[in-house]
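Geometric and topological summary
Here is what each chain is made of, one letter per residue.
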Protein chains: 2
Amino acid sequence: MLFKNKYYKEINPLKYGVIIEKEGGNLYSEKSKFQKVEIFKSTGLGNVLTLDGLMMTSVEDEFFYHEMIAHIPLNSHKNPKNVLVIGGGDGGTVREVLKHSSVENVDLCEIDSLVIEASKKFLPTISSKLDDSRVKIYVEDAIKFIKDKKNCYDVVLIDSTDPMGPGVGLFTEEFYNNVKESLREGGIVTPQSESPFANKNEMRNMYILLHKVFNTVMPYCGPIPTYPGGYWSFAFCSNDENNQIKDINRAKEIEKISKLYNTDLHYGVFMVPNFVRKLAENE
Amino acid sequence: MLFKNKYYKEINPLKYGVIIEKEGGNLYSEKSKFQKVEIFKSTGLGNVLTLDGLMMTSVEDEFFYHEMIAHIPLNSHKNPKNVLVIGGGDGGTVREVLKHSSVENVDLCEIDSLVIEASKKFLPTISSKLDDSRVKIYVEDAIKFIKDKKNCYDVVLIDSTDPMGPGVGLFTEEFYNNVKESLREGGIVTPQSESPFANKNEMRNMYILLHKVFNTVMPYCGPIPTYPGGYWSFAFCSNDENNQIKDINRAKEIEKISKLYNTDLHYGVFMVPNFVRKLAENE
């Protein structure tokens, strides 16, 4: 069985994808107000979550994405206590955030309750911390949710789908401005920022907007085998913070329990290829 | 049309691959003594070379591999004059090597003349420097070729296929020892060292052998969208040299004309994930 990102197919001549062999029927298949949510067992990658047929996460390779989106911004913050995760209803990002001993509260704002329900049932290693007492789940549209949040978060992680369907409003200047206002002093925002190879235009457009809103906008990249092109980018954004490791002891603790993250990699991921620099530069 | 690395399929449960849409019939299709050599036009990736149906290189994404295998070791050498490329009959590695102004001679040792012939005809942007006066082409088995080469090369790049078929003998301790003896003082060897995600066992076995032969063995990694897992490793090997940039002016010249390489990336690629460190460590 083959899953391709149909969106990329439309906008990009490169037809990348990953071959995932489905074993048996769907474990979960429901249509929500927003999208079709499916989970099935795969050969080799464990259970796989798709939204509208697009690959979202798999048990075997989810650590690439979740460690990258969480540990780089959190270890660049002196003392992250209050964290917001937008999207990410599978719970993988929340799980990584909670590995930081400083974190006291994680708000998860996911628009689609079925993603949470399906993940709790069929992706237990990914959703394992969604019932943690430090987590508050808001099944809401993040565009509305963020509007009245002022000066509350240390780190905001935007674990969104691509700029299509329910995710479109998460890629606008207005939204980024509201996210900025939700930050405390020293706050950091990191959205996933698409594939620098498989969808250059979307990535470029996103960085143009981010540069309008934040003083510091730095791309960082890493491998994600099941995503188009196998290589993904994230944006480190802040008005008053750099990407240096702030608490080396906490970072070393994270390194010990990670498959990917280490304190060298923390810096290495920012040393991006020339073509990524160009896509992310401030005009 | 779908190309998967059949070898990985046999040994690894993960069934990665890249979807490449073929346009029209083959531009080239010949059976040599060693393998089936084919070139076809693809949608989006330009012309594609396959050996025994396995993806080797495409016009659009070849720069990832060829810049990585060439510029990291060459810029870590003070003054590389004499370079050997083993395999790499498509000419991409030779082309990148010749961008270094210090290089006076490149020996290319490719076992299969049809790979060279096909690449010259149908991959002109990749094979563009095979007729350069600094290049000597040897259509020979590198295992035999290397045996009487003592103290001649500054850099040896092993641009091999995977450890199967004609490539098997390029993954042995005896071969690596002969390569070591072919080096001048300060010499550097870099073989491609397989995918750390799609074929862990082969990578691990390779590093065990390399550590037996060389004092310094460091993995470095980068994205290659059309290879299994989308992420590839290379081994920086030497007995008396480190991976620091030795001639910053030459490195900056290379940066100016590269899609991938820059002097930050030179260091970033060595800052590898924990699971890659483990695969490459000395027991």
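Relevant structure appears above.
Another point: the overall build of chain A. Secondary structure summary: chain A contains 10 helices and 13 strands in total. Relative to its length of 283 residues, chain A is compact, with a C-alpha radius of gyration of 17 Å against a globular reference of 19 Å. Across chain A, contacts joining residues at least 24 apart in sequence account for 68% of those joining residues at least 6 apart. Put simply, chain A shows about 10,300 Å² of open surface, and 48% of that area lies on carbon and sulfur atoms. When the 34 positive and 39 negative side-chain charges of chain A are each reduced to one mean point, those points stand 1 Å apart.

Here we take up the sheet that holds strand S5 (residues 46-51) of chain A. Residues and elements named next belong to chain A. Here we have 4 strands laid out as an open sheet, ordered S3-S4-S5-S6, and antiparallel in their pairing. In the strand order of this sheet, the two ends are held by strand S3 (22-31) and strand S6 (54-58), each with one partner. Ignoring strand direction, the axes of neighbouring strands in this sheet form an average angle of 25°. Relative to S5, strand S4 (residues 36-42) runs antiparallel, the two being bridged by 6 bridges.

Turning to its location among the elements, Ser101 of chain B is positioned in the loop between helix H3 (92-97) and strand S8 (105-110). As a C-alpha pair, Ser101 of chain B and Thr50 of chain B span 51 residues in sequence and 32 Å in three-dimensional space.

Residues and elements named next belong to chain B. Their axes nearest at 9 Å, the elements helix H6 (residues 173-181) and helix H7 (residues 200-213) cross at an angle of 40°. Taken together, the axes of H6 and H7 are oblique relative to one another. The two elements H6 and H7 cross, and the hand of that crossing is right-handed. Residues Glu173, Tyr176, Asn177 and Lys180 of H6 touch H7, and the partners they reach there are Met206, Leu209, Leu210, Lys212 and Val213.

Let us now look at the pairing of strand S7 (residues 82-87) of chain B. Residues and elements named next belong to chain B. By the criterion of burial, S7 is predominantly enclosed, with 6 of the 6 residues buried. In the sheet, S7 pairs with S8 via 5 bridges, with the strands oriented parallel. Counterpart to Ile86 in the pairing with S8 is Cys109. With H3 bridging S7 and its parallel neighbour S8, the resulting β-α-β unit is right-handed. The sheet contact formed by S7 and strand S10 (residues 153-159) spans 5 bridges and is parallel. Paired with Leu84 across the two strands is Val156, which belongs to S10.

Right, let's get into the nonpolar core. Formed by 59 residues in total, the largest nonpolar core has its most connected members in Val156, Phe175, Tyr176 and Phe214 of chain B. Beyond its immediate sequence surroundings of up to four residues, Phe175 of chain B is in contact with Ile86, Ala142, Ile143, Ile146, Ile158, Gly169 and Leu170 of chain B. Counting 56 residues, the second-largest nonpolar core is a separate cluster that includes Cys152, Phe171, Phe175 and Phe197 of chain A.

Here we take up the state of the cysteines. Summed over the entire model, instances satisfying the criterion amount to 0 disulfides over all chains. Cys237 of chain A forms no disulfide, and the closest cysteine sulfur to it belongs to Cys221 of chain A, at a distance of 13 Å.

For the rest of this paragraph, the subject is the packing of aromatic side chains. Residues and elements named next belong to chain A. With the rule as written, the count across this model stands at 26 aromatic pairs over all chains. Geometrically, the ring pair formed by Tyr220 and Phe270 is tilted, given 5.2 Å between the ring centres and 50° between the ring planes. One end of the pair, Tyr220, is in strand S12 (residues 216-223); the other, Phe270, is in the loop between helix H9 (265-268) and helix H10 (274-280), and 50 residues separate them in sequence. Judged on exposure class, the residue Tyr220 and its partner Phe270 are both buried. Taken together, the ring pairs in this structure connect Tyr65, Tyr220, Tyr227, Trp232, Phe234, Phe236 and Phe270 into an aromatic cluster.

To continue, consider the layout of surface pockets. In this structure, the largest pocket spans a volume of roughly 170 Å³. Lining the largest pocket, in full, are Asp264 of chain A together with Val217, Met218, Pro219, Tyr267, Phe270, Met271, Val272, Arg277, Ala280 and Glu281 of chain B. Those elements that provide at least two residues to the lining of the largest pocket are strand S12 (216-223) and helix H10 (274-280) of chain B. Broken down by element, the residue count for the lining of the largest pocket peaks at 3 residues, all from S12 of chain B.

The rules behind each value
Residues numbered from 1 in each chain as written. Chains lettered and ligands numbered in written order. Predicted model: local features only at pLDDT ≥ 70, side-chain atom pairs only at ≥ 80, totals over all residues. Heavy atoms only, no water. Helix = DSSP H or I, 4+ residues; strand = E, 2+ residues; numbered from the N terminus. Rg over C-alpha atoms; globule rule 2.2 N^0.38 Å. Contact = heavy atoms within 4.5 Å. Areas by Shrake-Rupley, 256 points an atom, 1.4 Å probe, with all protein chains shown as cover. Lys, Arg positive; Asp, Glu negative; His and termini not counted. Charge placed at Lys NZ, Arg CZ, Asp CG, Glu CD. Pairing = 2+ DSSP bridges. Axes fitted to C-alpha atoms, helices over the stretch in contact; angles between N-to-C directions. Parallel < 35°, antiparallel > 145°, perpendicular 65-115°, else oblique. Left-handed = near helix turned anticlockwise from the far one by under 90°. Buried < 20%, exposed > 50% of the residue type's maximum accessible area, 1.4 Å probe, protein only. Right-handed = clockwise from strand over helix to strand, strands pointing away. Core = buried A, V, L, I, M, F, W, Y, C linked by side-chain atoms within 4.5 Å. Disulfide = S-S within 2.5 Å. Phe/Tyr/Trp six-rings, centres within 6.5 Å; stacked < 30°, edge-to-face > 60°. 1 Å grid on protein atoms, 1.4 Å probe; cavity = no way out; pocket = protein on both sides within 12 Å on 5 of 7 lines; lining within 4 Å. Points joined across faces, edges and corners; volume = space filled by probe spheres on them.

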